[in-house]
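Given next are the chains, with one letter for each unit.
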Amino acid sequence: QIPGQLVRSFENRYMLGIYSYDTNEPFIILTTNDFATSYSGMLAWEKNIASDIGPIFGINNTASTTVFSDEALQNKDLRVLKNTNGKTMLLYSFIDKNTLIITSRENILSAVVGKYIISKQTR
């Protein structure tokens, strides 16, 4: 149920990975060629994202989720989906104008952003 405009704004390069921290946690890195379209597309997809890709992140019951809210982590704006108990279920952030990260835990996002920044500096 991903909006067509969002699909078209993504480039062919992406990464689906598992980051081993306290537990093994999945993450998705997508590249975009149009930040404005990607951002508005992500906002439109929020109502269906948990049911569309939730199983990748261990979200099987979307009835217990609420709406996304704005938060910040390490000077990055996040959109965070929490369940009715306040537990983070899913989050995403545009870490720059061309890179989107989707994951389920803040510490995984921090770790992936850290690795991303280091890889950009060593190029």
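Thresholds, definitions, all that
Residues numbered from 1 in each chain as written. Predicted model: local features only at pLDDT ≥ 70, side-chain atom pairs only at ≥ 80, totals over all residues. Heavy atoms only, no water. Phe/Tyr/Trp six-rings, centres within 6.5 Å; stacked < 30°, edge-to-face > 60°. Helix = DSSP H or I, 4+ residues; strand = E, 2+ residues; numbered from the N terminus. Buried < 20%, exposed > 50% of the residue type's maximum accessible area, 1.4 Å probe, protein only. Lys NZ or Arg CZ within 6 Å of the ring centre and 35° of its normal. pLDDT = per-residue confidence, 0-100. Core = buried A, V, L, I, M, F, W, Y, C linked by side-chain atoms within 4.5 Å. Contact = heavy atoms within 4.5 Å. Expected span 1.5 Å × (residues − 1). Bend = angle between axes of the 7 residues up to and from the residue. Patch = residues over 30% accessible without salt bridge, like charges linked within 9 Å, V, L, I, M, F, W, Y side chains within 5 Å. Areas by Shrake-Rupley, 256 points an atom, 1.4 Å probe, with all protein chains shown as cover. Salt bridge = Lys/Arg side-chain N within 4 Å of Asp/Glu carboxyl O. Pairing = 2+ DSSP bridges. Polar contact = N/O pair within 3.5 Å; in protein donor to acceptor, adjacent residues only side chain to side chain.

Observations concerning the packing of aromatic side chains
Piece 1. Taken as a whole and assessed by the stated rule, the structure comprises four aromatic pairs.
Piece 2. Aromatic side chains Tyr39 and Phe94 sit 6.0 Å apart centroid to centroid with 50° between the ring planes, which places their arrangement in the tilted category. Here Phe94 lies in strand β5 (residues 88-96) and Tyr39 lies in helix α2 (residues 35-53), a separation of 55 residues in the sequence.
Piece 3. Looking at Phe94, the relative accessible area reads 13%, which means it is buried.
Piece 4. Lys97 extends its terminal NZ or CZ atom over the ring of Phe35, reaching a point 4.1 Å from the ring centre.

A look at the confidence of the model for the protein
Piece 1. Averaged over all residues, the pLDDT of the protein is 90; the fraction at 70 or higher stands at 93%.
Piece 2. Put simply, helix α3 (residues 106-121) is where the protein has its lowest mean pLDDT, 84, and strand β6 (residues 99-103) is where it has its highest, 96.

A few points about the environment of Thr84
Piece 1. Residue placement: Thr84 occurs in the loop between β4 (76-83) and β5.
Piece 2. By relative accessible area, which is 59% here, Thr84 ends up exposed.
Piece 3. Here the alpha-carbon distance between Thr84 and Val67, two residues 17 residues apart in the chain, equals 9.7 Å.

A few points about the nonpolar core
Piece 1. Core analysis: the largest hydrophobic core is formed by 19 residues, its most contacted members being Met42, Leu90, Leu100 and Ile102.
Piece 2. Counting only elements with at least two residues in this core, the list comes to β2 (24-32), α2, β5 and β6.
Piece 3. In terms of residue count, the dominant contributor to this core is α2 (five residues).
Piece 4. Apart from the residues within four sequence positions on either side, Met42 is in contact with Leu6, Phe10, Ile49, Tyr92, Phe94, Leu100 and Ile102.

Points about α2
Piece 1. Taking 1.5 Å as the rise per residue, α2 with 19 residues should run 27 Å; its terminal C-alpha atoms sit only 21 Å apart, a clear shortfall.
Piece 2. Of all the bends in α2, the greatest measures close to 70° and is centred on Lys47.
Piece 3. Along α2, the positions that sit buried rather than exposed are Ser38, Gly41, Met42, Trp45, Glu46, Asn48, Ile49, Ala50 and Ile53.

As for a nonpolar patch on the surface
Piece 1. A surface patch of nonpolar side chains, about 350 Å² in accessible area, is lined by Tyr14, Leu16 and Ile56.
Piece 2. Note on placement: Tyr14 falls in strand β1 (residues 10-20).
Piece 3. Overall, the relative accessible area of 60% leaves Tyr14 in the exposed class.

Brief notes about the pairing of β4
Piece 1. Direction of pairing for β4 relative to β5: antiparallel, over a ladder of four bridges. Note on β5: the bridge partner recorded for Leu81 is Leu90.
Piece 2. Following β4, the chain reverses through four residues before pairing antiparallel with β5; Gly86 in that reversal takes a positive phi of roughly 85°.

Comments concerning α3
Counting along an α-helix, one turn takes 3.6 residues, and residues three or four places apart therefore face a common direction.
Piece 1. In this model α3 runs 23 Å from its N-terminal to its C-terminal C-alpha over 16 residues, within 8% of the 22 Å that 1.5 Å per residue would give.
Piece 2. For α3, the complete set of buried residues consists of Ile108, Leu109, Ser110, Ala111, Val112, Val113 and Tyr116.

What to know about the side chain of Asn48
Piece 1. Along the chain, the position of Asn48 falls in helix α2.
Piece 2. At a separation of 3.3 Å, a polar atom in the side chain of Asn48 contacts the side chain of Gln1.

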